[in-house]
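# An overview of the molecular structure
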Amino acid sequence: MRNTKILLAFILILIFTVIAPRAVSAQQPTPSDDQVNEIAKQLYCPVCENIPLDVCPTTACAQWRELIRQKLADGWTEQQIKDYFVLQYGDRVLGTPPAQGINWLVYLVPPVAILVGIYILFRAFRSWKRPIPSDNLQPDNAEILKSSDPNQDEYISRLEEEVRKR
Amino acid sequence: MVANLGYATLVITFLVSIYGAIAAFLGARRNSTSLVDSARNAMLLTFPLLTISALSIIYLLINGHYEVQYVTEVSSNNMPLYLKITALWGGQAGSLLFWSWLMSAFASAVTLRKWDRDREFLPWVILVCLITLAFFLMLSIFIENPFVSFWHSPTGNVASAMFRPAGTTLFIPQDGNGLNPLLRHPGMIIHPPMLYLGFVAFVIPYAFAMAALITRRTDARWIRLTRRWTIVAWLFLSLGLVLGMRWAYDVLGWGGYWGWDPVENSAFMPWLIGTAFLHSVIVQEKRGMLKQWNMVLIILTYDLVIFGTFLTRSGVLSSVHAFAQSAIGPLFFGFIGLTFVASLSLLSRRWNDLRSEGVMGSWFSREALFLLNNLLFFGLFIVIFWGVIFPILSEALGIVGQGIPALAGIFTGQKVTVGPQWYEGIVWLPFAGLLLLMGIAPLSTWQYSTAKTIGKAMWKPLVVSLLVFIPLLLRGFRSIPALLGFWMIAYVACVIIYEFWRAAWARHNARDENLLVAFWLMIGKNRRRYGGYIIHLGMVLMAVGILGIELFQTETQGTIPQGGQISLGQYTIKFDSLSVFDTEEGRNVARAVVSIYKDGNYIGELHPRRDYYYESQQPMTIAGVRSTPEDDLYVLLVDWQPLSTSAATFKIYHNPLIWWLWFGSIVFIIGSVVAAWPSKEPELLMVSKSIPETSKA
C-alpha cells in the first residue's frame, strides 16, 4: 500500500516537472482553490478509500489537486479533466458509477425494489383485511375452543385483555 | 509467558464453548436438566476465561511487550496509559477478541436471569450464543491471533508465529508503531465499544427467536422476554453511530458528519432493520400479527451484525482480491450464509405456526402505519445494502465476465465508487416518509382508525405547525425543499408535544395531580411509549441539523498571508499567526491562530491545526470550530509555507444548524434510556396485584 503511494507520488512529481514550466509560461490567471475543489469534490483518489479528493489530506491527493489546477489553467473543461482522470485511473475515481453496462443496475435496483415492496405490502394488506375463514382454523385449536370451560374462557379473555392493554 | 497464558485461555474458552453448545443441544433433546445446567455453567465460565485473555493483552500493551506483534502494531512507548488500554480494540486481532469478550458478558448475563417458566428456551439460547461465540473465538485462535510473537532466525529473518519455530530466538523491537492517530480521539475510543455492545446485544433477541422457533413457543413470549435487550442493543448501536458521526465531524476534516462510507453503512444497516423490528414487535404484542415478519427481521439483524463485522474485517471492501487472500473473509462469508440459511429454513418449517391472529382493520390503523414504517426502513436498508455491495459485485462479476468475450462490454471489470451523491439522491425520499409517519402514527389507534379520525386528531397540531412558515418566509427562505422540510419537522414536533400535553392534562384533571407530577408519572407509567416519543423528538431535532447542513452548507478555500483575510457569507477570518512545534508524544503540530468576525464585529478566535505523527507518518487535520445553535463555522488548516509560515491555506465551511444534530442526539439517547429503563415484568406485576392482601400476609 505504502509502496503504491510512493510510486504514485513519484509519477505525479515527474508529471509536474514536465508540465509546470509550460503552465508558468502560459501566463493565464491561476484558477482559485474553490474552482479546483468544485471538480476535486466529484473525484476519488484510488489510493485513499472513500475520501473525496477535495478533502483528502495526503500528499498524493494534494498533487492531484494541483494537477486539476494546471489543467484548468491550460483551459481544460470540467468534463475533460474528469475524463482524463477516468482514462488514467479507471471508473473508480468518479463519485458515482458511469451509467453503462452492468452499472445500470446500481440505478435501477433501488426504485424497482421499493416498487416491489409496495406491491407486496399492498397484497399482504388486502389479504389481511379479509377475515380468516373458519375452516382455516386448525382442528385441534377448534377442539380446544369448543371444549373449554366457559368460566375459564372468560378468565382467559379477561387476562388477555389486561395484557393487551399494557 | 503472559502471551501464552492469554492464548491458552482463548483455546480453553473455545473448547468450553464447543462443549457447552453440545451439552445444551443434548440436554434439550434428552430433556436432561443436569446437561442443560452444565451447558449453562460452560456459558458462565466463558466470561471469566475471556476476561483473563483480554487482561493479558492489556497487560502486554501497558508494559510494552513489543515482541508480541499486535502490541507493536497498535502501541508505542510514548502513548499515554489510557490509549494503551484502549488499543485493545485499536486493531483487527484485538477487536475480534474484544467482540468475543463482550459477547460472553452479555450471554452470561442473560443466562443468569430467572428462567422459571421459560426453561425450555434456556438450552437453545445457550446453543445460539455459544455457536456465535465459538465462531469468533475460532477466528481469534486460528487466523487473527493477537498473541503471535516475533521470532528471529539465525539468517536474520524475522517471522511471526505463536510458538517458537526451531532455531529461532525471540525478537523484541524497541518501540511499536503506535495507534493510528485517527483513533486517538475520545469519540473513537468510546465509539467501537458502543457499537460492539450494540452488535453483540442483538444476538440475544435472535437467540430467543431461534429458541422460540425450535420449541414451537411462537407466541409473543420471546418478544416480551427480549424487549429490554432489544432496546438496550438499539441504544448502544445508536450511541455508537452518533459517536462515530461526531468523530467524523471533529477529526476527519471534511466538514461533514456522514460520508456514506461502507464502514459507516455496515453499522447503519443493522440499526435500520433493528429499528423496523423494534416497531413491528409492538404489533405482534398488541395484535398478534406480523409474527413471521418479526422473525425475518431479527434473523436479518443478526446476520447484518455479523455482516457489519465481516465488511470491516475481511478486506473485501478494498478489493475482491484482498478478500480471497485471507481466510477470514471466506470464513465470515460461510458463517453468515450458514446461519442465514439455517435460520430461514427453521422459520419456513414453523411458518404456519406463525400465522397472524388478527386482521387488518383499516388502512389508517396503527398496525397498518407500522407496516408502512417497516416498508420504509426496509427500503432504506435495501438501498444502502445495494450501494455497499455493488462495487464488490461489479468487480467480482467483472472478473468472471471479462473471460467471456460476448459479455466483456457489459461487465466492465472496473471497480466503481458508489459515493454520497448516489445515496443522497435516493434516501431523502424514505427519510421524508418516515418523518411524516412520525407525525401521523402516534395519532392513530389500533384497529379502528380511519382517515376521518386521524384527520380529526391532526388538525390542531397541523394548524400550529403552519405558523413556522412566517419566520421562514420573513428570513428569506424560498427553497421549496427547505420550506417543506422545516414545516414537516415543525408538524411532527407539534404532534409529539400535543401527545404529551394531552395525556398529562387528562391525568392532571382526572387525578387532581400537579401538571408536572402528572407529566412525570405519565412517563413512568408507560416508559416505552413516552420514551419512544422522546426518541422521535430527538430525531426531529436531528433532522433540523441534517436539513441545515445538507441544504445550506457553503465553503470556500484560499491562501492568505499573515494579517490577510478570507470571507464566507457574513463571516470573515483573519490569519493572525502560525506556530510549528514538536510535542513530547511524537507529534509535529502546525497550529494557526485566526480571528473570526461576523458582519465586521470580532467574535472570537479559532485554532485549526494539522498534527503529523512521526511514528505512523500520518497527518491529521483538527478543525477549529465555533458552534452555536444558529450555525457552525468550521475552519481547516489545509497547507502553509513551511519555512516562513507567513502564508497559509484555509478551508472554511459554514454549516448552518448542525448544532441541532448533536443536541437532538442527546435527546434521542435520553429517550432510549427512558424506554429501556427496567421495570417489573407486566405479567408479574399483574399477578402480584391480583393476590388478595390476606394471602400475601
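Residues numbered from 1 in each chain as written. Chains lettered and ligands numbered in written order. Predicted model: local features only at pLDDT ≥ 70, side-chain atom pairs only at ≥ 80, totals over all residues. Heavy atoms only, no water.

### Considering the overall build of chain A
Secondary structure summary: chain A contains 7 helices and 0 strands in total. Its helices and strands in sequence order give chain A the pattern α-α-α-α-α-α-α, from N to C terminus. Here chain A holds 166 residues, and 32% of them are scored as buried. Excluding contacts between residues fewer than 6 apart, the proportion of contacts in chain A whose partners are at least 24 apart in sequence is 58%. Accessible surface computed for chain A: about 10500 Å², of which carbon and sulfur atoms make up 60%. (Helix = DSSP H or I, 4+ residues; strand = E, 2+ residues; numbered from the N terminus. Buried < 20%, exposed > 50% of the residue type's maximum accessible area, 1.4 Å probe, protein only. Contact = heavy atoms within 4.5 Å. Areas by Shrake-Rupley, 256 points an atom, 1.4 Å probe, with all protein chains shown as cover.)

### Some points on the interface of chain A and chain B
With 48 residues of chain A in contact, the opposing surface of chain B contributes 58 residues. For the pair chain A and chain B, the summed buried surface comes to about 4600 Å²; carbon and sulfur atoms form 62% of the total. Linking chain A to chain B there are 2 salt bridges. Between A:D54 and B:K651 there is a salt bridge, with its nearest N and O atoms 3.4 Å apart. Scanning the region where chain A abuts chain B turns up 10 residue pairs in polar contact (both at pLDDT 80 or more). Secondary structure elements with two or more residues in the side of chain A that touches chain B: α2 (33-40), α5 (104-129) and α7 (150-165) of chain A. For the side of chain A that touches chain B, the element with the highest residue contribution is α5(A), accounting for 14 residues. (Buried area = accessible area lost by both parts, 1.4 Å probe. Salt bridge = Lys/Arg side-chain N within 4 Å of Asp/Glu carboxyl O. Polar contact = N/O pair within 3.5 Å; in protein donor to acceptor, adjacent residues only side chain to side chain.)

### Some remarks on the nonpolar core
Residue and element names in this part refer to chain B. Counting residues in each nonpolar core, the largest one holds 214 residues, and the members touching the most others are W99, F121, V125, F208, W222, W271 and F332. Ranked by residues supplied to this core, first place goes to helix α9 (residues 221-252) with 19 residues. Discounting residues that sit within four places of it in the chain, F208 has contacts with V110, W115, F121, V125, W222, L225 and T226. Among the nonpolar cores identified, the runner-up in size contains 19 residues, and I560, L568, A592 and A648 belong to it. (Core = buried A, V, L, I, M, F, W, Y, C linked by side-chain atoms within 4.5 Å.)

### Details of the packing of aromatic side chains
All names here are of chain B. Scanning the entire structure with this criterion turns up 60 aromatic pairs over all chains. Ring geometry for F500 against Y530: centres 5.4 Å apart, planes inclined by 35 degrees, an arrangement best described as tilted. With F500 in helix α18 (residues 480-511) and Y530 in helix α20 (residues 527-552), this pair connects stretches of sequence that are 30 residues apart. A residue is classified by how much of its surface remains accessible, and F500, at 9% relative accessible area, is buried. Judged by its relative accessible area of 7%, Y530 is buried. Residues W659 and F663 carry aromatic rings whose centres are separated by 5.1 Å and whose planes lie at 15 degrees to one another, so their mutual orientation is stacked. Taken together, the residues span about one helical turn, with W659 and F663 both in helix α21 (residues 659-676) at a distance of 4 residues. (Phe/Tyr/Trp six-rings, centres within 6.5 Å; stacked < 30°, edge-to-face > 60°.)

### Observations concerning the domain arrangement of chain B
All names here are of chain B. What the domain assignment lists for chain B is domain 1 (1-179), domain 2 (398-545) and domain 3 (552-659). For the pairing of domain 1 and domain 3, the buried interface totals around 340 Å² over both sides, and the portion due to carbon and sulfur atoms is 34%. Considering only the surface of domain 1 that becomes buried against domain 3, N78, N177 and L179 emerge as the three largest contributors, covering 80% of it. Across the contact surface, domain 1 and domain 3 share 0 salt bridges. Connecting domain 1 to domain 3 are 0 residue pairs in polar contact (both at pLDDT 80 or more). Split into classes, the residues belonging to the side of domain 1 that touches domain 3 amount to no nonpolar, 5 polar and 1 charged. (Domains from an automatic or database assignment. Nonpolar A, V, L, I, M, F, W, Y, C, P; charged D, E, K, R; others polar.)

### As for the pattern of salt bridges
All chains considered together, the criterion is met by 22 salt bridges over all chains. For the salt bridge of A:D33 with A:R69, the shortest nitrogen-to-oxygen distance reads 2.7 Å. Placement of A:D33 in helix α2 and of A:R69 in helix α3 (residues 59-73) is noted, with a sequence separation of 36 residues between them. Across the pair, A:R69 and A:D33 agree in class, each one buried. Note that B:E499 is salt-bridged to B:R502, the shortest N-O span being 2.7 Å. Placement of both B:E499 and B:R502 in helix α18 is noted, with a separation of 3 residues, approximately one turn of the helix. Each member of the salt-bridge network shares a partner with another, and the members are B:R113, B:D118, B:E120, B:R217 and B:R221.

### A word on the state of the cysteines
All names here are of chain A. Evaluation of the coordinates by the stated rule reveals 0 disulfides over all chains. No disulfide involves C61; its sulfur sits 3.3 Å from the nearest other cysteine sulfur, which is in C56. With relative accessibility at 1%, the residue C61 sits in the buried group. (Disulfide = S-S within 2.5 Å.)

### Things to note about the packing of helix α14 (residues 366-401) of chain B against helix α15 (residues 420-440) of chain B
All names here are of chain B. Closest axis-to-axis distance for the α14/α15 pair is 10 Å, and the angle between their directions is 165 degrees. For the element pair α14 / α15, the angle class is roughly antiparallel. With respect to the hand of their crossing, α14 and α15 are arranged in left-handed fashion. Taken together, the residues of α15 that come into contact with α14 (itself represented by L369, L372, N373, L376, F377, L380, V383, I384, W386, G387 and V388) are W422, Y423, I426, V427, P430, F431, G433, L434, L437 and I440. (Axes fitted to C-alpha atoms, helices over the stretch in contact; angles between N-to-C directions. Parallel < 35°, antiparallel > 145°, perpendicular 65-115°, else oblique. Left-handed = near helix turned anticlockwise from the far one by under 90°.)

### What about helix α19 (residues 515-525) of chain B?
All names here are of chain B. Here α19 has its buried residues at A518, M522 and I523. Taken around the axis of α19, the buried residues stretch over an arc of 130 degrees, which confines them to a single face. Residues of α19 that are exposed and angled more than 90 degrees away from the buried face: L516 and W520. The N-terminus of α19 is capped by N514, whose side-chain oxygen sits 2.8 Å from the backbone nitrogen of L516. (Arc of directions from axis to C-beta.)

### Observations regarding the sheet that holds strand β13 (residues 647-656) of chain B
Residue and element names in this part refer to chain B. The strand order across the open sheet built from 4 strands is β4-β13-β12-β11, with neighbouring strands paired in antiparallel fashion. If you trace the sheet from one side to the other, it starts and ends with β4 (554-561) and β11 (624-627), each paired once. The average angle at which neighbouring strand axes cross in this sheet is 15 degrees, direction not considered. Pairing geometry for β11 and strand β12 (residues 631-640), over 4 bridges, is antiparallel. (Pairing = 2+ DSSP bridges.)

### Considering the sheet that holds strand β1 (residues 149-152) of chain B
All names here are of chain B. Reading across from one edge, β2-β1-β3 is the order of the 3 strands in this open sheet, with antiparallel pairing throughout. The open sheet has two edge strands, β2 (158-161) and β3 (169-170), and neither has a second partner. Bridge analysis of β1 against β3 gives 2 bridges, and the strand direction is antiparallel. Bridge pairing in β3 links W151 to L170.

### As for the packing of α15(B) against α20(B)
Residues and elements named next belong to chain B. Contact geometry of α15 with α20 gives a least axis separation of 12 Å together with a crossing angle of 145 degrees. Both α15 and α20 take part in a crossing whose hand is left-handed. In contact with E424, L435 and M438 of α15, α20 contributes H536, M539, V540 and E550. Split by residue class, the contact of α15 with α20 holds 4 nonpolar, 1 polar and 2 charged.

### Observations regarding unusual backbone geometry
Glycine aside, a negative phi is what most residues show, and trans is what most peptide bonds show. Residues and elements named next belong to chain B. With a phi angle near 60 degrees, R216 is a residue other than glycine that sits in the positive phi range. Looking at the element boundaries, R216 is found in the loop between α8 (203-215) and α9. For L657, which is not glycine, the phi torsion reads 65 degrees and is therefore positive. The topology assignment puts L657 in the loop between β13 and α21.

### Some points on the confidence of the model for chain B
Overall, the predicted model of chain B reaches an average pLDDT of 88, with 94% of residues at or above 70. Interface confidence for the predicted complex, given as ipTM, is 0.79, next to a pTM of 0.87. (pLDDT = per-residue confidence, 0-100.)

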